[in-house]
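Now for the letters of each chain:
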Amino acid sequence: MNNTYNLAPHFKLGNNLTIAPYKQENAPNVTYSVYRAQPLLKPYYEDGTYAVVYNVGNPLADLSYSNNFGNGIRGVGNIFAEATFLKSFTFRSSLGIDASYNKSYSFTPAYTVYNPDGTASQQQNVLSDLFKGNSENLTWLWENTITFNKTFLDIHAFDIVAGYTMQETSSESMGISGENVLRDGKDFWYMNPSYIYDPANNVNTIQSISNGVDPGQYYSMISYLFRTNYTLNNKYILTFTFRRDGSSKFAQENRFSNFPSFAVGWNVGNESFMKSINFISGLKVRGSWGIIGNEKISYYDRYSRVQSDLLAVLGNPDSPLPAASYGKNGNPDLKWENTIQTDIGVEVGLFKNRLTGEFDYYNRKTDDILVELSTPGHLGNGQGQKVRYNAASVVNSGFEFNLSLKGSRGDVNYQVGILGSTIHNEVLSIGGNNSGVDSVLIGGYLGDGRPVTLSRVGLPIGAFYGYKTDGVFQTTAELDDYPHSSQAEVGDLRFVDVNSDGKLDGLDRTYIGSPIPKFIFGFNAEVDYKGIDFSFDFQGQTGNKIFNGKEVVRPDPYNFENHVINRWTGPGTSNKEPKPSFGGYNYTPSDRFIQDGSFVRLRSMTLGYTFPSSLIKKEVIQQLRIYIKGSNLFTLTKFTGYSPEIGSYDVLSNGIDFGIYPITSTYSFGVNLTF
Amino acid sequence: MKTTLKISILLLPFLFITSGCEEFLQKDPQGELTQEEFPVSQSDALLATNAVYSTIREWGYHSGGYPILDIMSDDANKGSNPNDQLPTVGPYDKFSHTTTQDGLDRWWSTLYEGIKRANVVITKVPPIQMDTVLRNRYVAEAKFLRGLYYFDLVRAWGGVPMITSLNPPLKVERSTKEEIYDLIVSDLLYAAKNLVERSAQGNEETGRVTRGAAKSLLAKVYLFQGDFVNAEKYALEVINSDEYELEAFFADANSKLGEHGVESIFEVGAMEVEGSSGDQYANTQGVRGSPNRGWGFNRPSLDLRNSFEPGDPRLDATIIDLGETLDGVLILGDGTTPDETLDALNNVIEVECYNQKVWYPGTNTITQWGHNRRLIRYADVLLIAAEALNENNKPAEALLYLNQVRERARGGNISILPDITETNKNALRDIILNERRHELAMEGHRFWDLIRTGKASSVLGPLGFVTGKHELLPIPQNEIDIAQGTLTQNPNW
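Residues numbered from 1 in each chain as written. Chains lettered and ligands numbered in written order. Predicted model: local features only at pLDDT ≥ 70, side-chain atom pairs only at ≥ 80, totals over all residues. Heavy atoms only, no water.

Focus: the overall build of chain A
Summing up its helical and strand segments, chain A has five helices and 38 strands in all. When the 675 residues of chain A are sorted by exposure, 43% land in the buried category. Here the analysis covers contacts within chain A between residues at least 6 apart in sequence; of these, 66% occur between residues at least 24 apart. As presented, chain A carries roughly 33,800 Å² of accessible surface, and 55% of it is formed by carbon and sulfur atoms. Averaging the locations of the 56 positively and 64 negatively charged side chains of chain A gives two centres separated by 9 Å. (Helix = DSSP H or I, 4+ residues; strand = E, 2+ residues; numbered from the N terminus. Buried < 20%, exposed > 50% of the residue type's maximum accessible area, 1.4 Å probe, protein only. Contact = heavy atoms within 4.5 Å. Areas by Shrake-Rupley, 256 points an atom, 1.4 Å probe, with all protein chains shown as cover. Lys, Arg positive; Asp, Glu negative; His and termini not counted. Charge placed at Lys NZ, Arg CZ, Asp CG, Glu CD.)

Thoughts on the packing of aromatic side chains
All names here are of chain B. Within this structure, the stated rule accounts for 52 aromatic pairs over all chains. Judged by centre distance (6.0 Å) and plane angle (80 degrees), the rings of Trp-59 and Trp-295 are edge-to-face. One end of the pair, Trp-59, is in the loop between helix H3 (42-54) and helix H4 (68-72); the other, Trp-295, is in the loop between helix H11 (281-285) and strand E3 (297-300), with 236 residues separating them in the sequence. By relative accessible area, Trp-59 is classed as partly exposed at 21%. With relative accessibility at 22%, the residue Trp-295 sits in the partly exposed group. Residues Phe-95 and Phe-465 carry aromatic rings whose centres are separated by 5.5 Å and whose planes lie at 90 degrees to one another, so their mutual orientation is edge-to-face. Taken together, the residues span a long stretch of sequence, with Phe-95 in the loop between helix H5 (90-93) and helix H6 (104-124) and Phe-465 in the loop between helix H19 (456-460) and helix H20 (477-483) at a distance of 370 residues. (Phe/Tyr/Trp six-rings, centres within 6.5 Å; stacked < 30°, edge-to-face > 60°.)

Quick look at empty space enclosed by the protein
Left-over empty space is what a probe sized like a water molecule reveals as it rolls over the atoms. Residues and elements named next belong to chain B. All chains considered together, the criterion is met by eight cavities of 30 Å³ or more. A volume near 450 Å³ is recorded for the largest cavity. What lines the largest cavity is a set of 32 residues, and nearest its centre among them are Arg-373, Leu-375, Glu-443, Gly-444 and His-445. Here the residues of the lining of the largest cavity are counted per class, giving 14 nonpolar, eight polar and 10 charged. (1 Å grid on protein atoms, 1.4 Å probe; cavity = no way out; pocket = protein on both sides within 12 Å on 5 of 7 lines; lining within 4 Å. Points joined across faces, edges and corners; volume = space filled by probe spheres on them. Nonpolar A, V, L, I, M, F, W, Y, C, P; charged D, E, K, R; others polar.)

Considering the environment of Ala-235 of chain B
Residue and element names in this part refer to chain B. In this fold, Ala-235 is placed in helix H10 (residues 228-240). Judged by its relative accessible area of 0%, Ala-235 falls in the buried class. Expressed as a C-alpha distance, the spacing of Ala-235 and Val-348, which sit 113 residues apart in the sequence, is 41 Å. Other than its neighbours up to four places away in sequence, Ala-235 contacts Ala-219, Val-381, Ile-384 and Ala-385.

Concerning the interface of chain B and chain A
With 88 residues of chain B in contact, the opposing surface of chain A contributes 94 residues. Both faces considered, chain B and chain A share a buried interface measuring about 7,600 Å² in area, 58% of it formed by carbon and sulfur atoms. Taken as a group, Leu-25, Lys-27 and Gln-35 of chain B account for 11% of the area that chain B buries against chain A, more than any other trio of residues on that side. Our count for the chain B to chain A interface comes out at three salt bridges. (Buried area = accessible area lost by both parts, 1.4 Å probe. Salt bridge = Lys/Arg side-chain N within 4 Å of Asp/Glu carboxyl O.)

Some remarks on unusual backbone geometry
At the junction of Asn-316 of chain A and Pro-317 of chain A, the peptide bond is cis and its omega measures out at 10 degrees in the coordinates. The residue Pro-317 of chain A is located in the loop between strand E16 (306-314) and strand E17 (319-326) in this model. Here Phe-38 of chain B and Pro-39 of chain B are connected by a cis peptide whose omega angle stands at -10 degrees. Note that Pro-39 of chain B resides in the loop between helix H2 (21-24) and H3. In this structure, Lys-530 of chain A takes a positive phi of about 50 degrees despite not being glycine. Along the polypeptide, Lys-530 of chain A turns up in the loop between strand E31 (519-529) and strand E32 (532-542).

A look at the pairing of E17 of chain A
Residue and element names in this part refer to chain A. As paired elements, E16 and E17 share seven bridges and run antiparallel to each other. Bridged to Ala-312 within E17 is Leu-321. What sits between E16 and E17 in their antiparallel hairpin is a turn of four residues, with Gly-315 showing a positive phi close to 90 degrees. (Pairing = 2+ DSSP bridges.)

Here we look at the packing of helix H8 (residues 177-194) of chain B against helix H9 (residues 211-225) of chain B
Residue and element names in this part refer to chain B. Viewed as axis vectors pointing N to C, H8 and H9 meet at an angle of 155 degrees, and their least axial separation amounts to 8 Å. When the interaxial angle is binned, H8 and H9 end up roughly antiparallel. The element H8 and its partner H9 pack so that their crossing is left-handed. Seen from H8, the contacting residues are Tyr-181, Ile-184, Val-185, Leu-188, Leu-189, Ala-191, Ala-192 and Lys-193; seen from H9, they are Arg-211, Ala-214, Lys-215, Leu-217, Leu-218, Val-221, Tyr-222, Phe-224 and Gln-225. Its residues assigned to classes, the contact of H8 with H9 comprises 13 nonpolar, one polar and three charged. (Axes fitted to C-alpha atoms, helices over the stretch in contact; angles between N-to-C directions. Parallel < 35°, antiparallel > 145°, perpendicular 65-115°, else oblique. Left-handed = near helix turned anticlockwise from the far one by under 90°.)

Honestly, that's just the spatial picture; any functional story needs more than this.
So this is what it looks like as structure tokens:
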């Protein structure tokens, strides 16, 4: 709903409002269970009950017994007032609100999956579990700007904006969980203390109540902004921008940061000397430099907080007593992450803009990257706890291009486009004043706590780190002939003694690949002929590696990736695939688990037909088009996992496949109607 | 619209720009205290002291989660079904574990987290205005627990970073073994002085550290250092305090009936809850399959079974065999675990059985979480006294206490477990070591007893123990990596 009211010649009010309810069901990610399960087992017994899947749990039972829902409503709206005065000045003030209310609930019944002999397997839920929670979020943003817009002497065009904004985001959530609900049905999914209880001991089994704010949604910001845009004769463009932002997430000394930027552009195509060159229909040269900031951290990362959910069990009989102590350290020196961007580019149009191209060189240097790091155990933060630091400086640079050709032959109109970007990523420095960080960043922790990335100066950030392999020890003689770990046996992998010190130990781990592609590209095309339109869009990347994390962590021996078929079984049988083992030495992080992550994916393909105007009633319908569309139709890749688009958990944990859910191809059929 | 009204509406925002900027951008933690504000009162001191106890109930406190100490010793095998945790826990069984082995990091981190919580009390409670006796007691409890945590660290890894204050530097070198032992001794001496005896505690305080617990642990610490004079001194002080006795029935030393009983000097309180107020220690070793009490790790070995003297009832009370009925529950075991495991020559090398010392009445996993692990019990103190007295050339007195343990085990049956009369120091030393094995089997003592008495090479060598390497666990590789050279790894790892 958008409305604007002109209340007076120079004054108007307006408002926008969008309301969106949603409802979703969350299923547990059973991809990793399915990957590990023994493939020959039948999921059901003859009587239809769930069959045991050893050590992993029956994923169908997991899915069926999980009832995890969320629903909510979100409203985004704003009101604004705008007044013009002195002909060229406009003052605008707007207040925007983004509010949402969410409910989540989850119920797992008591169930048991049985072994074939009738005994209970390890997959069971002794008492039913119920969780009810709700949360609300509110963000308000108040923006005030004064704009000056005037062209002097017909050629000097000024567009100046000054502004001040304030923003606050707050949230609160509450949740209760309990065990042993009286009945399984949906009608009883309420926290009624009389029906969530343990009949044997006659005690209420509402186990935990939680209430607090959402740590990512509790902050405020103040910004000052200023922008000047000067265009001379439509040919030369100069822009200067300055922002000063302050965020509550940082301590007072580091709260505000300045973000200037500067851009120039030269519309060469409008120059008089270009008028005679007919085949060049447009030519623009541009360059820019600027700083932007990032503060996407939890509001409490800088505080060292007290952990209050501890319990001591003391007394006779044993009773739980409240306890509280220091939680993990906070980092009070956190500050803004800055990215300095430089961009130089050319835009060209040829043959009346039938062929257009953009070419850019970019360089983005990010300083004080905000990332969570593991701390030494003796600090007492607890296992696996991470603390946020401004840890490193990283540069991303390269060339980008975007070419597009359109034209027509008779009744056929076509457009093709190709785009690409090279990426060079390198860590420039690690640590720095007061950052608390030393000389390397360790990350990419697998499920069992082993890290697989190590970032240091000169390498890409999140670079993979492990042993290099060089064949398989075929005989005892070969084994004795080369430095090896005490666990290595004949038929196991040979790890390279990288530092040539005659010993095979932790110092022989090295850089084994980068998760960051060297080149990303896309190709798209669109053709239409007499009302039929056909378009497709390819996307891909190359030069990046994927770490097959799901294969390295080996909890059980029931299923292996099929390359294991060609395993070593005796001298000369394989120099690539070691003898099979259930975890252990051959499952140490090494380049055995590094795969090429390059891929080309058909992102979408659409075939449509627009009915000719002669066939439809103009009075009622102006245009009617039907189409079929497919998304993610096929992928060309050498990666053996479910999808090569792995994504990243954080900048140090990028490109690691933990058992990613396969991407779905979707096919849709649609109708466009214009009235 | 009137111009003045328009202009005044437009100018309103500017009023806000200058005011309230500072406060608007100050977002303090919601519903949580910061460390600067805690502890400041007497009730805070109690909360902080209670927190030091919560570590002993964490899964990672118990040798990193899985009972690797007994598994490394000749008393037990990995357990559970053959495939379960074979790559993570299995290697400990054959001494093929590495610096990245599962559990090392967890144990190290959990112990240091406990030490941090103790340091909060030790450094922050003394300045609080509160009752002096209570204050000293809280600090004493924290010091005992800190000593307990460092005792595990120094026995498992040797010299470790010594952390006695809050916010230590990111890089701390390893102290020597001797320096850590000195800290433990000074902590325990303070605790012994400022704590009360168990009989002075009311029911509400049962389970909190006592003077007797501090002295018992002190005796053990001195024993491990080879200071038999002090080990004798403190063990006898505990014995002569008359605060403790042996349970009438051997099984009650570890059973539900014996919880907070006469023999228990320090135990881990736990409730029958699958979660925070329970303890997963017993669930990890609980009977697997039918009844489903847990995962079945720490399976008593044939070697342990065969080492008992003929008729020793402690064998039956230590091992749950298939077909037994305990507390009315028939033990059938796990379908995926072979009842007997045979080697290539058809010899039986493993029999499916479970640790009876963690048995808790019940038929499901939830009740198994209620078992209270006995960290220090009176029988252990008697045997420490016997060992120290023997080393101090007082065999007659040593036999007195040694035979008390055997008498209880005998349970009135005079035809078994005859009193020991040996007075030759070396022979008696071996007898006492064996008695420790039979009395304290499956309670996490055997591995370190073998190391400190120099018997590890001969007894564990056949199992893969390498002298000069396996006396200590390797420092977790993650810690070595993060320390960037400040921590040196243990020899031959």
